[in-house]
Each structure stands twice: as C-alpha cells, then as structure tokens.
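Residue-level listing of the chains:
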Amino acid sequence: MRWDALFQDLESQFEAMQEGDLYGEVADRIRTEVGKITVLDRLRGAVDTVVRVEVADAEPVQGLLTRVGKDCLLIEAERAEEWLIPVGALVAVHRLGPWAEPAVGAVAGKLGLAHLLRGIARDRSPVTLFCGGVPVTGTIDRVGADFVEIAEHPLDAPRRRSEVYNVRLVPTAALRALRRR
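Here goes a summary of the coordinates provided. Within each chain, residue numbers correspond to sequence positions counted from 1 in written order. Where totals are concerned, whole chains, interfaces and linings use all residues; where local detail is concerned, this predicted model gives features only for residues with pLDDT of at least 70, and gives and counts side-chain atom pairs only at 80 or more. Hydrogens are left out, water is left out, and the side-chain values use all remaining heavy atoms of the structure.

1. Digging into the nonpolar core
The tendency in soluble globular proteins is for nonpolar side chains to be buried side by side. To be explicit about the condition: Joining through side-chain atoms within 4.5 Å is the link that ties buried Ala, Val, Leu, Ile, Met, Phe, Trp, Tyr and Cys residues into a set, and such a set is a nonpolar core. We call a residue buried when its accessible area falls under 20% of the maximum for its residue type, exposed when it is over 50%, and partly exposed in between, using a 1.4 Å probe and counting protein chains only. Numbered from the N terminus, helices here are DSSP runs of H or I no shorter than four residues, and strands are runs of E no shorter than two.
In terms of nonpolar packing, the biggest core is built from 19 residues, with V53, V55, L65, L73, I75, W83 and I85 touching the most fellow members. When residues of this core are traced back to their parent elements, those giving at least two are α2 (39-44), β1 (50-55), β2 (61-68), β3 (72-77) and β4 (81-86). With 18 residues, the next largest nonpolar core counts A121, V136, V148 and I150 among its residues.

Now the structure itself:
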C-alpha cells in the first residue's frame, strides 16, 4: 500500500510540473507575440474610438481616431477640426482599448504622412502647423520628399499674394501636428 501511495504522489507531482511547464510555455509565447505588436498596430485597433493624444510641442488632442497610416494618424476633434499627427511626435495616447490590428491591404499600409500632406496641399485648405515654438498658420504650397513649404497668412484670409507674409520650409521630421478646420 505504501508503494501505491508513493507512486500516486509522484504521479501528481509530475502532472503538476507538466501543467506548470505548459503555463510557463504559454506565457512565454504570449510575451513573444505581444513583443511583435507596434504602436501602429495598437492605434489601428482603436480606430473609431475617442482617444486623447499627447503630442510634443502642441496641445493635447482629443477626438475620434478615424485613420491610421503607415507613419501618422488622423483625428476628428470638436469644432470640425481634423488633426494629422506623425507617429514620431506622439508622447502618449489615452483611452485605447485592449485590441491591436495589423496593417491589412496593399493601400492601407502604404498611405502615409507625405501622401496626406499632398492631399491637403491640393485642397488648398488653410492649416495650422505645430513644429516647435509658435504655431504657424497658412496654406501648404509644396510637399517634398522630406519637407513641407507653407505660405504663411492669417487663417481667416485666403492665400493671396497680398496676404502672404512669409514662406516657410519645415522639415517633415520637425512636424509635430497639423490642424485644419
């Protein structure tokens, strides 16, 4: 009888070790998979969610996260404002859910900051650029490979030669956010 009790004890210890090893292996695999998730994946998982974004050199932005590009995000805020924010300018994002979503489709994963800036330049809509220091208002004239040129004028004035008081070149790496109404 003592041998039966010993074998039962050893079997239960073996099962406990195997169960512990399994849980450890599962935990390791989960950590490995979570380690592959990017900021963009987490942001894509929060599309159509109201988020609050802290941005370097700009005020915090709160609104509906509508799109995530390959290197930027688009937020619709109150007062019919749209915010285009490069991922590199993010300091923190609040109110994300627990989900992540990888880039899907050939187009969705390739649309980036330069593409969206060119669309805004084509629209000729007045914008406010946040690029360190004082915000700059005007109309985007040109978008290069790594820069934006903005014709500075008051937001309430159309882009006319008489209203433009400066043309500023801003390296895209210095751009922290863009707001348009």
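2. Comments concerning the layout of surface pockets
Quick reminder of the rule: Each cavity reported here is a set of points on a 1 Å grid over the protein atoms alone in which a 1.4 Å probe fits but cannot get out, each pocket an open set with protein on both sides within 12 Å along at least five of seven lines, and each lining residue one with an atom within 4 Å of a point. Grid points are joined across faces, edges and corners, and a volume is the space filled by probe spheres set on the points.
Estimates place the volume of the second largest pocket at around 170 Å³. Around the second largest pocket sit L74, E82, W83, L84, H115, L116, G119, I120, R122, D123, L178 and R180, which together line it. Broken down by element, the residue count for the lining of the second largest pocket peaks at six residues, all from helix α3 (residues 113-123).

3. Side note on the pairing of β4
Here is the rule we go by: Being paired, for any two strands, means DSSP has found at least two bridges between them.
Among the six residues in β4, five count as buried, and that is most of the element. Pairing geometry for β3 and β4, over six bridges, is antiparallel. Counted as the bridge partner of L74 is L84 from β4. Hairpin connection between β3 and β4: a loop of three residues separates the two successive antiparallel strands, and R79 in this loop has a positive phi of roughly 60 degrees. Relative to strand β10 (residues 177-180), β4 runs antiparallel, the two being bridged by three bridges. Paired with W83 across the strands is R179, a residue of β10.

4. A few points about the pattern of salt bridges
Pairs may arise between side chains of opposite charge once their charged atoms sit close together. Where we set the bar: What makes a salt bridge here is a side-chain nitrogen of Lys or Arg within 4 Å of a carboxyl oxygen of Asp or Glu, nothing more.
Enumeration according to the criterion identifies eleven salt bridges in this entry. Among the ionic pairs, R44 bridges to D41, the shortest N-O distance being 3.7 Å. A residue pair is termed a helical-turn pair when its members lie 3 or 4 positions apart in one helix, as R44 and D41 do in helix α2 at three residues. Of the two residues, R44 and D41, neither departs from the other in class, the shared state being buried. Residue R180 pairs with D123 through a salt bridge whose shortest N-O separation is 3.2 Å. Within this pair, whereas R180 is found in strand β10, its partner D123 is found in helix α3, the two being separated by 57 residues in sequence. Residue class for R180 comes out buried when judged on its relative accessible area of 17%. Here the salt bridges share partners, and the residues they tie into one network are R79, E81 and R181.

Coordinates in, geometry out; function isn't part of it.
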